[in-house]
Amino acid sequence: MIPAAVMDNHTENNYNYGAYFAPYRLEGVELLGAGLTGEDLAAIPEHWLSYPAPPASAHTMLALVYVFFTAAALIGNGLVIFIFSASKSLRTPSNLLVVQLAVLDFLMMLKAPIFIYNSIKRGFASGVIGCQIFAFMGSVSGTAAGLTNACIAYDRHSTITRPLDGRLSRGKVLLMMVCVWLYTAPWAILPQLQIWGRYVPEGFLTSCTFDYLTTTFDNKLFVASMFVCVYIFPMIAILYFYSGIVKQVFAHEAALREQAKKMNVDSLRSNQNAAAESAEIRIAKAALTVCFLYVASWTPYGVMSLIGAFGDQNLLTPGVTMIPALACKGVACIDPWVYAISHPKYRQELQKRMPWLQIDEPDDNASNTTSNTANSSAPA
């Protein structure tokens, strides 16, 4: 029970008190963080402690949505990892990046049980330790996924714009993957150790992310640096490489039409070349779709972090901030299904290994099966 004198003083000088008194600001209304003490209460930005606790139905709805996202992501990404790893025809250098993206999306949803548990308990039930685990896994998977999408865009750009010598070697792809993890490490570890930035609860206090609400100079610099290095740089790379692909495809098609017109024929492509090019374009479309989903899912989070650090924080209500969190998790369960729909060889392998899925994907190389089989046993 808080003494009356303290309460009177708190009413007159509300702005002079920190997070400790925040849960008691509205009489008769249960606010976010009510009942928390010690380090759990200290970990929550004071901004959230001035809002009423959401109804139980909101927590239940979010928990159900996360259950669905988790099932879809773990099944979908698990299939991608299994098929691309088990099939020799899919063990290409470029597909190593696809597998890495699936692993990161898998990791993104492995932390969902913490959110579901918090939602069932209707608050910050997992405490500081659960919050740190949740935020760290989200930081690693989100940052590395953005960079991996940029690497996939570069790979597609190199393959399509330079078809003769543009395919990446296994060594180059492995080097790119190592660079992705080295680049990701500081942005995940520094807030974890509270050397620069920190991880805090957000929204309904059931999820955690980096602190974008503390208005100190160091924290604003951290938010701005993370926005540029983790969001803007991969975005620029993705847009640059895919705009190059579109430009190359249009120029190539225009040149073919012009040459065919001069030769007075309908098309210069043979059936085999047309099928091969169609497969490349389909793979490029799949990668483009995945990258578009990345941009669409992380842009709300980027904008929200800038508003929190440099704008009007009153715009960031608990309900509003849960929307970007849902968008980030949604893309983790959509990515593998995009590959399943658009990657022809992946669909062929699924068709072979799981015929009960009723996938009807024609074999583009059926006419060359005999010669390919004979050559596969020959020395390199």
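As the structure is a computational prediction, the values presented were derived from the model and not from experiment. (Residues numbered from 1 in each chain as written. Predicted model: local features only at pLDDT ≥ 70, side-chain atom pairs only at ≥ 80, totals over all residues. Heavy atoms only, no water.)

Student: Just checking my understanding: could you explain the state of the cysteines for this structure?
Tutor: Working definition of a disulfide: a covalent bond connecting the sulfur atoms of two cysteines. Going through the model one piece at a time under the given rule, you end up with one disulfide. Paired by a disulfide, Cys-131 and Cys-208 hold their sulfur atoms 2.1 Å apart. Here the S-S torsion is close to -130 degrees, and the disulfide linking Cys-131 with Cys-208 is therefore left-handed. Taken as a pair, Cys-131 in helix α6 (residues 127–161) and Cys-208 in strand β2 (residues 207–210) lie far apart in primary sequence, 77 residues in all. Cysteine Cys-179 shares no disulfide, and the gap to the nearest cysteine sulfur, in Cys-151, comes to 8.2 Å. (Disulfide = S-S within 2.5 Å. Helix = DSSP H or I, 4+ residues; strand = E, 2+ residues; numbered from the N terminus.)

Student: Is there a simple way to explain the packing of aromatic side chains in this structure?
Tutor: One pair of aromatic rings is described through two measures. These are the centre distance and the angle between the planes. The final tally for this structure, using the stated rule, is twelve aromatic pairs. With centroids separated by 6.3 Å and ring planes inclined at 35 degrees, the aromatic side chains of Trp-187 and Trp-196 adopt a geometry described as tilted. Take Trp-187: its relative accessible area is 11%, and that puts it in the buried class. Classification of Trp-196 as partly exposed rests on a relative accessible area of 24%. Centre to centre, the rings of Phe-210 and Phe-222 are 6.1 Å apart; their planes meet at 75 degrees, and the pair counts as edge-to-face. Taken together, the positions of Phe-210 in strand β2 and Phe-222 in helix α8 (residues 217–263) put the pair twelve residues apart, joining distant regions of the chain. (Phe/Tyr/Trp six-rings, centres within 6.5 Å; stacked < 30°, edge-to-face > 60°. Buried < 20%, exposed > 50% of the residue type's maximum accessible area, 1.4 Å probe, protein only.)

Student: Help me out: how do you make sense of the packing of helix α4 (residues 93–110) against α6 in this one?
Tutor: It is at 9 Å that the axes of α4 and α6 come closest, and there the two elements cross at 160 degrees. Looking at the two axes, α4 sits roughly antiparallel to α6. In the packing of α4 onto α6, the handedness of the crossing is left-handed. Across the contact of α4 with α6, the residue classes tally to twelve nonpolar, seven polar and two charged. (Axes fitted to C-alpha atoms, helices over the stretch in contact; angles between N-to-C directions. Parallel < 35°, antiparallel > 145°, perpendicular 65-115°, else oblique. Left-handed = near helix turned anticlockwise from the far one by under 90°. Nonpolar A, V, L, I, M, F, W, Y, C, P; charged D, E, K, R; others polar.)

Student: Sorry if this is basic, but what is going on with the side chain of Thr-159 here?
Tutor: Take Thr-159: it is sitting in helix α6. Given a relative accessible area of 4%, Thr-159 falls into the buried group.

Student: Please clarify how helix α7 (residues 170–192) should be interpreted in this entry.
Tutor: Within an α-helix, residues lying three or four positions from one another point in the same direction, as the helix has 3.6 residues per turn. For α7, which comprises 23 residues, the first-to-last C-alpha distance of 33 Å matches the rise-based estimate of 33 Å (1.5 Å per residue) to within 8%. All of the buried residues in α7 are Val-173, Met-176, Met-177, Val-180, Thr-184, Trp-187, Ala-188 and Pro-191. Just past α7, the residue Gln-194 takes up positive phi, approximately 55 degrees. (Expected span 1.5 Å × (residues − 1).)

Student: Hey, could you run me through empty space enclosed by the protein in this one?
Tutor: Remark: the empty space left among the atoms is shown by a probe the size of a water molecule rolled over them. The full count for this structure, using the stated rule, is four cavities of 30 Å³ or more. Among the elements of the structure, α6, β1 (199–202), β2, α8, α9 (271–310) and α10 (318–342) are those that each provide at least two residues to the lining of the largest cavity. The leading source of residues in the lining of the largest cavity is α6, at six residues. Here the lining of the largest cavity is built from residues that sort into 15 nonpolar, seven polar and three charged. (1 Å grid on protein atoms, 1.4 Å probe; cavity = no way out; pocket = protein on both sides within 12 Å on 5 of 7 lines; lining within 4 Å. Points joined across faces, edges and corners; volume = space filled by probe spheres on them.)

Student: What is the right way to look at the packing of α6 against α7 in this model?
Tutor: A pair of packed helices is characterised by two quantities: the angle between their axes and the separation of those axes. Between α6 and α7, whose axes approach to 9 Å, the crossing angle comes to 150 degrees. The orientation of α6 relative to α7 falls into the category roughly antiparallel. Crossing geometry of α6 relative to α7 is assigned as right-handed. On the side of α6, the interface is formed by Gln-132, Phe-136, Ser-139, Val-140, Thr-143, Ala-144, Leu-147, Thr-148, Cys-151 and Tyr-154, while α7 contributes Lys-172, Met-176, Val-180, Trp-181, Tyr-183, Thr-184, Trp-187, Ala-188, Ile-189 and Gln-192. Here the residues of the contact of α6 with α7 sort into 13 nonpolar, six polar and one charged. (Contact = heavy atoms within 4.5 Å.)

Student: Is there a simple way to think about the pairing of β2 in this case?
Tutor: Where a strand is regular, its side chains alternate between the two sheet faces. In the sheet, β1 pairs with β2 via four bridges, with the strands oriented antiparallel. By the bridge assignment, Pro-201 is partnered in β2 with Cys-208. The antiparallel pairing of β1 with β2 creates a hairpin that spans four residues between the two strands, and Gly-203 there sits at a positive phi of about 60 degrees. (Pairing = 2+ DSSP bridges.)

Student: Just checking my understanding: could you explain a nonpolar patch on the surface for this structure?
Tutor: There is a patch of nonpolar side chains on the surface, built from Phe-136, Ile-189, Leu-193 and Ile-195 and spanning about 380 Å² of accessible area. Inspection of the secondary structure assignment puts Ile-195 in the loop between α7 and β1. Looking at Ile-195, the relative accessible area reads 58%, which means it is exposed. (Patch = residues over 30% accessible without salt bridge, like charges linked within 9 Å, V, L, I, M, F, W, Y side chains within 5 Å. Areas by Shrake-Rupley, 256 points an atom, 1.4 Å probe, with all protein chains shown as cover. Salt bridge = Lys/Arg side-chain N within 4 Å of Asp/Glu carboxyl O.)

Student: Mind showing me how you'd approach the pattern of salt bridges here?
Tutor: Two side chains that carry opposite charge are able to pair once their charged atoms sit near each other. Enumeration according to the criterion identifies three salt bridges in this entry. One salt bridge connects Asp-211 with Arg-198, and the closest N-O pair in it is separated by 3.1 Å. Placement of the pair is Asp-211 in the loop between β2 and α8 and Arg-198 in the loop between α7 and β1, with a sequence separation of 13 residues. Residue Arg-198 is classed as partly exposed on the basis of its relative accessible area of 24%. Taking the shortest distance from any N to any O, the salt bridge between Glu-349 and Lys-352 comes out at 3.8 Å. A residue pair is termed a helical-turn pair when its members lie 3 or 4 positions apart in one helix, as Glu-349 and Lys-352 do in helix α11 (residues 344–353) at three residues. By relative accessible area, Glu-349 is classed as buried at 8%.

Student: For this particular structure, what's the right way to read α6?
Tutor: Across its 35 residues, α6 extends 51 Å between first and last C-alpha, which sits within 8% of the 51 Å expected from 1.5 Å per residue. Most of α6 is tucked away: 30 of the 35 residues are buried.

Nothing here speaks to function; it is all geometry.
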